[in-house]
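Residue strings, one per chain:
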Amino acid sequence: MKKVSPFKTVIKKYYNRVIEKMVHYSPGISLSNKRLKDSFEKVAKYANNVDQRAIIGITSILTQPFIDLRNKNVDEDTRLTSFARTLSKLTIGTCVGIIVRQLCLNVFDKKKKNVNKLFFENSKKNFEAFNRYNKRITLITALGTSLGIIVSIATNILIDAPLTQVSTNFICKKLKTSEKGGQE
Amino acid sequence: MKIYGIKLPLIPKKINLSKFYKLATKDKNKMFIYTYSIGLAASSAAHIVGVKRNENMSMQEKLFLIPQEIAEAAINIGIFMFLSLGLKNYTDKMFEYGKIKIPEIDKFVQKYMKENNIKDSKDLLKKGIQISDILKSDINQYIKFNKYKNGASWIISILGSIISCNIITPFLRNIIAAKYQHKKINMKDDKTKDNFVSQKLENQ
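Note that the coordinates shown come from a computational prediction; the quantities given were computed from them, not determined experimentally.

Novice: I keep staring at the overall build of chain A and nothing clicks. Help me out?
Specialist: Along chain A, the regular secondary structure elements total five helices and one strand. Ordering the α and β elements of chain A from the N terminus gives α-β-α-α-α-α. Projected onto its principal axes, the C-alpha positions of chain A cover 80 × 50 × 45 Å. Each of the 184 residues in chain A was classed as buried or not, and the buried ones make up 38%. Total accessible area computed for chain A in this model is approximately 11900 Å², and 62% of it derives from carbon and sulfur atoms. Chain A carries 33 positive and 14 negative side-chain charges, and their two centres are separated by 11 Å.

Novice: Sorry, what's going on with the pattern of salt bridges here?
Specialist: Should their charged atoms come close, side chains of opposite charge can pair. Evaluated as defined, the whole model comprises 15 salt bridges over all chains. Between A:Lys37 and B:Glu104 there is a salt bridge; the shortest N-O distance is 2.8 Å. Of the two residues, A:Lys37 is situated in helix α2 (residues 34–46) and B:Glu104 in helix α4 (residues 103–115); the pairing between them involves two chains. Owing to a relative accessible area of 21%, B:Glu104 belongs among the partly exposed residues under this scheme. Connected via shared salt-bridge partners are A:Asp68, A:Arg85, A:Lys89, B:Glu69, B:Glu72 and B:Arg173.

Novice: Teacher, can you tell me more about the interface of chain B and chain A here?
Specialist: Quoted interface sizes are often the accessible area lost when the parts come together. Between chain B and chain A, the contact holds 70 residues from the first and 65 residues from the second. Summing the contributions of chain B and of chain A, the shared interface buries around 6200 Å²; its carbon and sulfur component is 66%. In this structure, the salt-bridge partner of A:Lys89 is B:Glu69, at a minimum N-O distance of 3.1 Å. Counting residues per element, the ones that place at least two in the side of chain B that touches chain A are α1 (17–26), α2 (28–53), α3 (59–96), β3 (100–101), α4 and α7 (139–203) of chain B. The dominant element in the side of chain B that touches chain A, judged by the number of residues it contributes, is α7(B), at 26 residues. Of the residues in the side of chain B that touches chain A, the class split is 38 nonpolar, 21 polar and eleven charged. Here strand β1 (residues 29–30) of chain A pairs with β3(B) via two bridges, running parallel. Directly across from A:Ile29, in β3(B), lies its bridge partner B:Ile100.

Novice: What am I meant to see in the packing of aromatic side chains here?
Specialist: Centre distance and the angle of the planes are the two values used to describe a pair of aromatic rings. Applying the stated criterion across every chain yields a total of three aromatic pairs over all chains. Geometrically, the ring pair formed by A:Tyr15 and B:Phe82 is edge-to-face, given 5.6 Å between the ring centres and 80° between the ring planes. Of the two residues, A:Tyr15 is situated in helix α1 (residues 6–25) and B:Phe82 in helix α3; the pairing between them involves two chains.

Novice: I keep staring at the layout of surface pockets and nothing clicks. Help me out?
Specialist: Over the atoms, a rolled probe matching the size of one water molecule traces out where space is still vacant. Estimated volume of the second largest pocket: approximately 230 Å³. If you go around the second largest pocket, you meet 13 residues; those closest to its centre are A:Phe40, B:Thr91, B:Ile100, B:Ala152 and B:Ile156. Looking at side-chain class alone, the lining of the second largest pocket contains twelve nonpolar, one polar and no charged residues.

Novice: Honestly, the nonpolar core in this entry has me stumped. Any pointers?
Specialist: Membership of the largest hydrophobic core comes to 39 residues, with the highest contact counts inside it found for A:Phe130, B:Phe95, B:Ile102, B:Ile105, B:Val109 and B:Phe145. Looking at this core, the elements that each hand over two or more residues are α1, α4 (76–120) and α5 (127–183) of chain A together with α3, α4, α5 (122–127), α6 (131–134) and α7 of chain B. If sequence neighbours within four positions are ignored, B:Val109 has contacts with B:Leu124, B:Ile131 and B:Ile134.

Novice: Got a minute to help me understand unusual backbone geometry in this structure?
Specialist: The phi torsion of most residues other than glycine is negative, and most of the peptide bonds are trans. At B:Asn117, a residue that is not glycine, the phi angle is positive and equals roughly 55°. Structurally, B:Asn117 can be placed in the loop between α4 and α5.

Novice: Explanation requested: α3(B) in the structure shown.
Specialist: Residues and elements named next belong to chain B. Here α3 is 38 residues long and its end C-alpha atoms lie 54 Å apart, about the 56 Å a rise of 1.5 Å per residue gives. The largest bend in α3 is about 40°, located at phenylalanine 80. Burial analysis of α3 places 27 of its 38 residues in the buried class, the great majority of the element.

The rules we used
- Residues numbered from 1 in each chain as written.
- Chains lettered and ligands numbered in written order.
- Predicted model: local features only at pLDDT ≥ 70, side-chain atom pairs only at ≥ 80, totals over all residues.
- Heavy atoms only, no water.
- Helix = DSSP H or I, 4+ residues; strand = E, 2+ residues; numbered from the N terminus.
- Buried < 20%, exposed > 50% of the residue type's maximum accessible area, 1.4 Å probe, protein only.
- Areas by Shrake-Rupley, 256 points an atom, 1.4 Å probe, with all protein chains shown as cover.
- Lys, Arg positive; Asp, Glu negative; His and termini not counted.
- Charge placed at Lys NZ, Arg CZ, Asp CG, Glu CD.
- Salt bridge = Lys/Arg side-chain N within 4 Å of Asp/Glu carboxyl O.
- Contact = heavy atoms within 4.5 Å.
- Buried area = accessible area lost by both parts, 1.4 Å probe.
- Nonpolar A, V, L, I, M, F, W, Y, C, P; charged D, E, K, R; others polar.
- Pairing = 2+ DSSP bridges.
- Phe/Tyr/Trp six-rings, centres within 6.5 Å; stacked < 30°, edge-to-face > 60°.
- 1 Å grid on protein atoms, 1.4 Å probe; cavity = no way out; pocket = protein on both sides within 12 Å on 5 of 7 lines; lining within 4 Å.
- Points joined across faces, edges and corners; volume = space filled by probe spheres on them.
- Core = buried A, V, L, I, M, F, W, Y, C linked by side-chain atoms within 4.5 Å.
- Expected span 1.5 Å × (residues − 1).
- Bend = angle between axes of the 7 residues up to and from the residue.

Such coordinate-based values are descriptive only and should not be taken to indicate function.
As structure tokens, then:
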């Protein structure tokens, strides 16, 4: 028999219980707004890993560097370097991440389209067929994500990290010289 | 696998795709956490090496930036698991237990409740009856329901990720890294003071 750690089961149990309690005490909502329903439908149909990376990446560029710039727990030089590094890391990481994910998705895109065609053009739809279709789609997505992870590890080492250092040094130099000029 | 007579337990003899299939189709959340954690750890390691090798940065800056990177990865994984996935699970359950009602699907749920003598929709949660189980007989409604549910939980999990990874994590990682930097600088100052005093004593 497979051993399951008691720590894990306890955490899982309480985690689920907390969420169920939250659901229990939440007020009921009726989803009657057509626009909202359509947008949910569109998101479920079209949204993918690339969109997720893009949304999180762009919002991170807009927030994280400025949080670093307002960090008053460190000296001025460290603050500027940290700002420059976060800005360049996130910008380069987001661009490379989006390209890598898109390329990896494209590898499996044809297969996904075939599976979609097979299910939605079939007149005999039943629960079992849907389950099979769902499993195939999730497996293809998982393969795409795993390939993306392997490729992104390589790009992180070969492209992201070196480019981030070059860009950080460049931004740092500019920021520090402009500050010294301002002081003079 | 053996290399020069040394056993390497980490490398499997054969890559077992059935395990991968099981993980990908049954435990989507686990799969997501694994891939996210591996990606984050690899990226962090690459950036730490980059900072360590950067000759244009002072020692003081490195003392802040390296723990900042480590703290970011650790906090991101933890907070992502609880907040982002928690919000996703919460949204899924809000749909599954009928807290978020969809008028055209609610008719089927009401019918099922009448047939099974369930008076209140709150009892669905108590009895553990999920709407997707009720809709299994009508595949078109089931697909529709899943679309709404997946769309909503995708949006909510993105919102959770933005709050956790882009707002909470940077604040926490900065506090942790600054504390580490101060501690290390104070330790160095104490050592230099000690050296200075001992040198003075020797000279006397």
